[in-house]
Amino acid sequence: MRRRDFVSMAALAAGSMTIARPAIAQSPGGVKIGVLNDQSSSFSTFSGVGSVEAAKLAIADFGGKALGQPIEIVSADHQNKPDVGLSIARQWVDRDGVDVLVDIANSAIALGVNNLLKDSKKLGLFVSPITDRMTEEDCNGYGIAWAYDAYSISRTSAVAQAQRGVDSWFLISPDYQAGYVLEQTVKDVIEQTGGKLLGAVRAPLGSTDFSSYLIQAQASKAKMVGLTLNGPDLVNALKQIREFGLAQRGQRVAVTGLYEVEVKATGLAPLQGIEFAAPWYWDSSDENRAFGKRILEKTGRISSWIHAGCYSATTNYLKAVEAAGSKDPEKVKEQLMKTSFNDLFLKNGKLMPNGRMIHDTYLMRVKTQAEVKGDWDFFEPLKTVPADQAFRPLSASKCALVKKS
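Residues numbered from 1 in each chain as written. Predicted model: local features only at pLDDT ≥ 70, side-chain atom pairs only at ≥ 80, totals over all residues. Heavy atoms only, no water.

Our focus in this paragraph is the pairing of strand E2 (residues 32-37). In terms of burial, E2 is a largely internal element, six of the six residues being buried. Covered by surrounding structure in E2 are Lys32, Gly34 and Leu36 together with Ile33, Val35 and Asn37, the residues of both alternating faces. In terms of strand pairing, E2 meets strand E6 (residues 100-103) through four bridges, oriented parallel. Within the sheet, the bridge partner assigned to Leu36 lies in E6 and is Asp103. (Buried < 20%, exposed > 50% of the residue type's maximum accessible area, 1.4 Å probe, protein only. Helix = DSSP H or I, 4+ residues; strand = E, 2+ residues; numbered from the N terminus. Pairing = 2+ DSSP bridges.)

This paragraph deals with the packing of aromatic side chains. Think of a pair of aromatic rings as described by two things: how far the centres are apart, and how the planes are tilted against each other in angle. Scanning the entire structure with this criterion turns up twelve aromatic pairs. Taking 4.1 Å as the distance between ring centres and 5° as the angle between the ring planes, the aromatic pair formed by Phe46 and Tyr259 counts as stacked. One end of the pair, Phe46, is in the loop between E2 and helix H2 (48-62); the other, Tyr259, is in the loop between strand E12 (252-255) and helix H9 (260-266), and 213 residues separate them in sequence. Each of the two residues, Phe46 as well as Tyr259, counts as buried. Judged by centre distance (5.8 Å) and plane angle (20°), the ring pair of Tyr259 and Trp305 falls under stacked. With Tyr259 in the loop between E12 and H9 and Trp305 in helix H11 (residues 305-324), this residue pair connects regions lying 46 residues apart in the sequence. For Tyr259, a relative accessible area of 7% translates into the label buried. An aromatic cluster is present here, built from Phe43, Phe46, Tyr148, Tyr259 and Trp305 joined pairwise through their rings. Geometry around Trp376 places Lys264 over its ring, the cationic atom sitting 4.6 Å from the centre. (Phe/Tyr/Trp six-rings, centres within 6.5 Å; stacked < 30°, edge-to-face > 60°. Lys NZ or Arg CZ within 6 Å of the ring centre and 35° of its normal.)

Once that is clear, we can look at helix H4 (residues 107-120). The terminal C-alpha atoms of H4 lie 20 Å apart, and with 14 residues this matches the ideal 20 Å at 1.5 Å per residue to within 8%. In this fold, the buried residues of H4 make contact with E2, helix H3 (82-94), E6, strand E7 (123-126), strand E8 (143-145) and helix H6 (177-192). Sitting at the amino-terminal end of H4 is Asn106, which places a side-chain oxygen 2.9 Å from the backbone nitrogen of Ala108. Trailing H4 by a residue or two, Lys121 shows a phi angle of about 55°, which is positive. (Expected span 1.5 Å × (residues − 1). Contact = heavy atoms within 4.5 Å. Polar contact = N/O pair within 3.5 Å; in protein donor to acceptor, adjacent residues only side chain to side chain.)

Notably, Asp103 is not glycine yet its phi reads approximately 80°, a positive angle. Within the fold, Asp103 resides in strand E6. Overall, the relative accessible area of 0% leaves Asp103 in the buried class. Even without a glycine there, the phi angle at Asn348 is positive, about 60°.

One finds Trp146, Ile172 and Leu227 to be the most contacted residues of the largest nonpolar core, which totals 109 residues. Among the elements that take part in this core, H11 stands out by supplying ten residues, more than any other. In this structure, Ala158, Val166, Leu171 and Val186 belong to the second largest nonpolar core, which totals nine residues. (Core = buried A, V, L, I, M, F, W, Y, C linked by side-chain atoms within 4.5 Å.)

Another aspect to go through is the sheet that holds strand E11 (residues 224-227). Hydrogen bonding along the main chain pairs the strands of a sheet, whether they run parallel or antiparallel. Pairing is parallel in the open sheet, where four strands are placed in the order E10-E9-E11-E12. If you trace the sheet from one side to the other, it starts and ends with strand E10 (196-203) and E12, each paired once. Within this sheet the neighbouring strands show an average axis-to-axis angle of 20°, counted without direction. In this sheet, E11 lies alongside strand E9 (residues 168-174) in parallel orientation, the contact comprising four bridges. By the bridge assignment for E11, Ile172 is matched with Leu227. Relative to the sheet, helix H5 (residues 150-163) contacts E9, E11 and E12, its axis offset from that of E12 by approximately 155°. Sitting on the sheet, helix H7 (residues 211-220) touches E9, E10 and E11, and the angle it makes with E9 is about 170°. (Axes fitted to C-alpha atoms, helices over the stretch in contact; angles between N-to-C directions.)

Low pLDDT marks regions whose predicted coordinates should not be analysed in detail. The share of residues in the protein chain with pLDDT of 70 or more is 93%, and the mean pLDDT across the chain is 90. In the model, residues 1-27 has pLDDT below 50 throughout and makes 37 contacts with residues more than four positions away in sequence or in other chains. (pLDDT = per-residue confidence, 0-100.)

Moving on, we come to the state of the cysteines. Following the criterion strictly, the structure yields one disulfide and no others. Here Cys139 pairs with Cys399 through a disulfide, and the sulfurs are 2.0 Å apart. With the S-S bond torsion at 95°, the cross-link from Cys139 to Cys399 turns out right-handed. Separated by 260 residues along the polypeptide, Cys139 in the loop between E7 and E8 and Cys399 in the loop between helix H13 (387-390) and helix H14 (400-404) bring together distant segments of the chain. In this pair, the class of Cys139 matches that of Cys399, namely buried. (Disulfide = S-S within 2.5 Å.)

See below:
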C-alpha cells in the first residue's frame, strides 16, 4: 500500500472517532478508556456502537469518576482494516493518553494491538476477538482476553455434538485468522472423539454465494455440516443451506456461535434446534434482562454477549483502579489477578496468569417458533459448563508467563 493511501485511511478512521467528554474539564491524571471496534461492516451489529454504549453505561453506573477525576471515553471504527486499527491504537496510547483499550474486534487487528500494548505497557481488555494467541503464544502480561476464545466456544459446541453420536463432519470456515483458529479447534475435537473430517473449505470474508461449498458438503455425506462463520457470512450460508435442503437429505447443521441479530436476519425456520455455545445470554436472569433492555433502548437491538462483556470489562477495570489507588497497568493487573468475579457477565470468573479470564459458559439451543414468547426470544440455555471445564487448562497453555508463575 502506498504511504499516501495509508495516511488517507488513517485520517478517515481518526475522523470517524466519537468522543464522549465529561461536562467538567478533565484534570491531569484522569482515566481515559478507548473502545476500538468495527462500527460499519461485518462485526458492527453484535459489537460496534453497542459496545461503546455498554462502556458508557459502565462509566455512568460507576459514578463517572475514578481516583477523584472524571472518566473519559473515546471510540473509533477500525473498519475491519488492520492498518487502520493499529494506527488508531498507536495514536491513542502514544499521543492521546488512553489508559486501557476495550473490545478490539477482529482477531488480526487484536494481534497487532496486543504487540503494541506490550511495547507501550498499556492494558487491553479483549472482548470480541476469538483468537487465543494473545493468551497463548503471544501472551505478554498486558493483553487480557475477557470473554471467550475458540477453545471455549467451538470446543463446547463440538463436544456436545460428538456426545450425541455425530462422527463425521464437513467444515465451512471463514478465510481469516479467527476462522483458522476455530477450524483447527473443531478438527482437534473431531480427532479426539474418534470422528472423521470428510472435507473442509474456507470462504473469503464477505462471501455471498456458498453454493459451491454446499455442493461439496452434500457430496461428502457427512452427518454434520459445521459452520464457524459469523455475521452476514453466516446469515447467507444458513439461508442457502435451507434452499439446498441439507436437512431433508439427512445432514445436520452446527454453528460455533450465534447472535440474536443473525436470527433476525436469517429467520427462525432454518435455525430451529441448532445448538451452540455462548458466554452470556440476555434473557437468563432479571439482571441480564434489565441490561439487555438498556442496550436495546440505546441501539434498537437487544444486547449481545459482547456488549455485556464490554460493560463487565470496563466496570471491573475501574474497580481495580480504585482498589489499587492507581491506573498504573502493573498495579491494576495485580488487583485483577487477586479478585474473584461474579457480576452481570462473569460467573465464577478468575483471571489466569496468561491473561485469560475464565468463567462459566453455556450450551444454547435455538427455540422452535412455538416456543418463542416475544421479540428477541430466540434461545434457550441447555447446560452450564463450569469455568475450569470450558477453558483450556493452564497445564496445556503455551504461554511463557504460566511457566514463570
